[in-house]
Amino acid sequence: MIKLTGYKLMWMMVMFDLPTETKQERRFATQFRTFLQKNGFEKVQWSVYVQFTGTLESSQKYISAVKNNCPPVGDINILFFTDKQFSNIIHISNRDTGKLKEAPAQFELF
């Protein structure tokens, strides 16, 4: 049995730059943001969303879903990082420094 630690648990970040010049492009961008939110991604910034995926292997379904729902134009990047790295992110909002949302609770069985 593999022990899952903060160094093996993964987060997936979806970053995108979608055109919004025309009404149709704005609709595509809105549909993509709505898709991300409905599939458990949380907004970090306007075009940056994160999702806790567990292991890297279990994130394949999210990658496929993003690929299947991406708009016909624009750029989308997917980045993976460990739970430990995520816990070290420094968030500054209105000059107040803090942490991003806490990772989902993890249970240990004794």
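Reading the values: the criteria
- Residues numbered from 1 in each chain as written.
- Predicted model: local features only at pLDDT ≥ 70, side-chain atom pairs only at ≥ 80, totals over all residues.
- Heavy atoms only, no water.
- Helix = DSSP H or I, 4+ residues; strand = E, 2+ residues; numbered from the N terminus.
- Buried < 20%, exposed > 50% of the residue type's maximum accessible area, 1.4 Å probe, protein only.
- Contact = heavy atoms within 4.5 Å.
- pLDDT = per-residue confidence, 0-100.

Q: Please set out the environment of Tyr7 residue by residue, giving values where relevant.
A: Its location among the elements puts Tyr7 in the segment before strand 1 (10–17). The class of Tyr7 is exposed, set by a relative accessible area of 61%. With 78 residues separating them in the primary sequence, Tyr7 and Gln85 have C-alpha atoms 8.0 Å apart. When residues no more than four places from it in sequence are discounted, the contact partners of Tyr7 are Thr82 and Lys84.

Q: Can you tell me about the confidence of the model for the chain, naming the residues and giving the values?
A: In regions of low pLDDT, the predicted coordinates are not meant to be interpreted in detail. Mean pLDDT for the chain: 87, with 84% of residues reaching 70 or above. Summarising per-element confidence for the chain, the mean pLDDT is lowest in strand 6 (residues 96–99) (74) and highest in helix 1 (residues 23–38) (97). pLDDT under 50 marks residues 106–110. Its contacts with residues more than four places away, or in other chains, come to two contacts.

Q: Quick rundown of the environment of Leu79? Include the residues and the values.
A: Here Leu79 lies in strand 4 (residues 75–82). Since its relative accessible area comes to 39%, Leu79 is described here as partly exposed. Contact partners of Leu79, with chain neighbours within four places excluded, come to Trp11, Met12, Met13 and Met15.

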